[in-house]
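Coordinate inspection notes
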Amino acid sequence: MRKRKSGIGSRLLHLFLSLILVTGIGFPMSLPVSALEGNCGSSTKWELNNGVLTLSGSGAVTIVGWGAYSNQVTSVVIGDGITSLTSSMFVNNKSLKSIVFGKSITTIPSSFCANCSALSSVQFADGLQTIGKKAFMNCVSLKALNLPSTVTEIDAQAFFSCVGLYSLTLPDSVTTI
């Protein structure tokens, strides 16, 4: 049986590696999480930072690029340059609590955030004209909504089964429900 040499270099290497393992130097136990981001249309972007999903740029949101992270989205801020959104964009998101719509959104598409049971705050901007079919269906945590004076159409079942909704302010501009 051969005896292994244990010189000073080998001992220092073992000491160094042991020190690294014990202190965590060079091997952080948890990595800092930076904001996640990506494209969601030809000139639109998304960024998810601490639960807040911000949609920015100009034009239509055509791709739900944050889909893999949707369970982390608690708030959505839609920038003023965003002009249109996709149907069912946040459907069944159980962690979504608030949405702020930008002033360029004229239509909230069908089933936009249907079945978002934690959604309790929605801020609409002037310029909104149409709320699509089942857009807020079964959003049971909604309590009160004030629709802007620019809304003219509320499609079928837009607020169906929103059992907590006790106040919905409809402007005189609404011609179709």
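Criteria and cut-off values
Residues numbered from 1 in each chain as written. Predicted model: local features only at pLDDT ≥ 70, side-chain atom pairs only at ≥ 80, totals over all residues. Heavy atoms only, no water. Helix = DSSP H or I, 4+ residues; strand = E, 2+ residues; numbered from the N terminus. Buried < 20%, exposed > 50% of the residue type's maximum accessible area, 1.4 Å probe, protein only. Contact = heavy atoms within 4.5 Å. Areas by Shrake-Rupley, 256 points an atom, 1.4 Å probe, with all protein chains shown as cover. Core = buried A, V, L, I, M, F, W, Y, C linked by side-chain atoms within 4.5 Å. Pairing = 2+ DSSP bridges. pLDDT = per-residue confidence, 0-100. Axes fitted to C-alpha atoms, helices over the stretch in contact; angles between N-to-C directions. Phe/Tyr/Trp six-rings, centres within 6.5 Å; stacked < 30°, edge-to-face > 60°.

Helix and strand content of the protein chain: one helix and 13 strands. Ordered by position in the sequence, the α and β elements of the protein chain form the string α-β-β-β-β-β-β-β-β-β-β-β-β-β. In the protein chain, which comprises 177 residues, the share counted as buried stands at 34%. The contacts in the protein chain between residues at least 6 apart in sequence include a share of 23% that link residues at least 24 apart. Summed over its atoms, the accessible surface of the protein chain is roughly 10400 Å², and 56% of this surface lies on carbon and sulfur atoms.

The next subject is the nonpolar core. Across soluble globular proteins, you tend to see nonpolar side chains buried next to one another. Judged by nonpolar contacts, the single largest core of 39 residues is most densely connected at F101, F112 and F136. Breaking this core down by element, the ones donating at least two residues are β2 (44-49), β3 (52-57) and β5 (75-78). Excluding anything up to four places from it in sequence, F112 contacts I78, L85, T86, S88, M89, F90, V91, I99, F101, K134 and A135.

In β2, alternate side chains face the same way, and those of T44, W46 and L48 are buried while those of K45, E47 and N49 on the opposite face are not. Note: strand β1 (residues 36-39) against β2, four bridges, orientation antiparallel. Within β2, the residue paired with N39 across the bridge is K45. Between β1 and β2, which pair antiparallel in sequence order, lie four residues. Summarising the sheet, β2 and β3 pair through six bridges and their orientation is antiparallel.

Across the protein chain, the average pLDDT comes to 88, with 81% of residues at 70 or higher. Low pLDDT, under 50, characterises residues 19-33; the stretch is placed with three contacts to residues that sit more than four places away or in other chains.

Another aspect to go through is the environment of C162. Tracing the chain through its elements places C162 in the loop between β12 (153-154) and β13 (167-169). Given a relative accessible area of 9%, C162 falls into the buried group. C162 has contacts with F136, N138, C139 and L142, leaving out every residue within four places of it along the chain.

As a further point, take the sheet that holds strand β10 (residues 130-131). Spatially, β8-β10-β12 is the arrangement adopted by the three strands of the open sheet, whose pairing is parallel. Each of the sheet's edge strands pairs with one partner strand only, and the pair in question is β8 (107-108) and β12. Here β8 runs beside β10; their pairing, made up of two bridges, is parallel. Looking at β10, one finds that T107 is bridged to T130.

One open sheet holds the six strands; their spatial order is β1-β2-β3-β5-β7-β9, and the pairing between them is mixed. Each of the sheet's edge strands pairs with one partner strand only, and the pair in question is β1 and β9 (121-123). Averaged over all adjacent pairs, the angle separating strand axes in this sheet is 10 degrees, with direction ignored.

This brings us to the side chain of S111. The topology assignment puts S111 in the loop between β8 and β9. For S111, a relative accessible area of 18% corresponds to the buried category. Beyond its immediate sequence surroundings of up to four residues, S111 is in contact with S88, M89, V91, K133, K134 and A135.

Under the definition given, this model contains eight aromatic pairs. Between W46 and Y69, the ring centres sit 6.3 Å apart and the planes meet at 40 degrees, which makes this aromatic pair tilted. With W46 in strand β2 and Y69 in the loop between β4 (59-60) and β5, the pair connects residues that are 23 residues apart, well separated along the chain. Residue classification places W46 among the buried residues on the basis of a relative accessible area of 5%. Judged by centre distance (5.5 Å) and plane angle (80 degrees), the ring pair of F90 and F112 falls under edge-to-face. Within this pair, whereas F90 is found in the loop between β6 (82-84) and β7 (98-100), its partner F112 is found in the loop between β8 and β9, the two being separated by 22 residues in sequence. Given the relative accessible area of 2%, F90 is considered buried. Taken together, the ring pairs in this structure connect W46, W66, Y69, F90, F101, F112, F124, F136 and F159 into an aromatic cluster.

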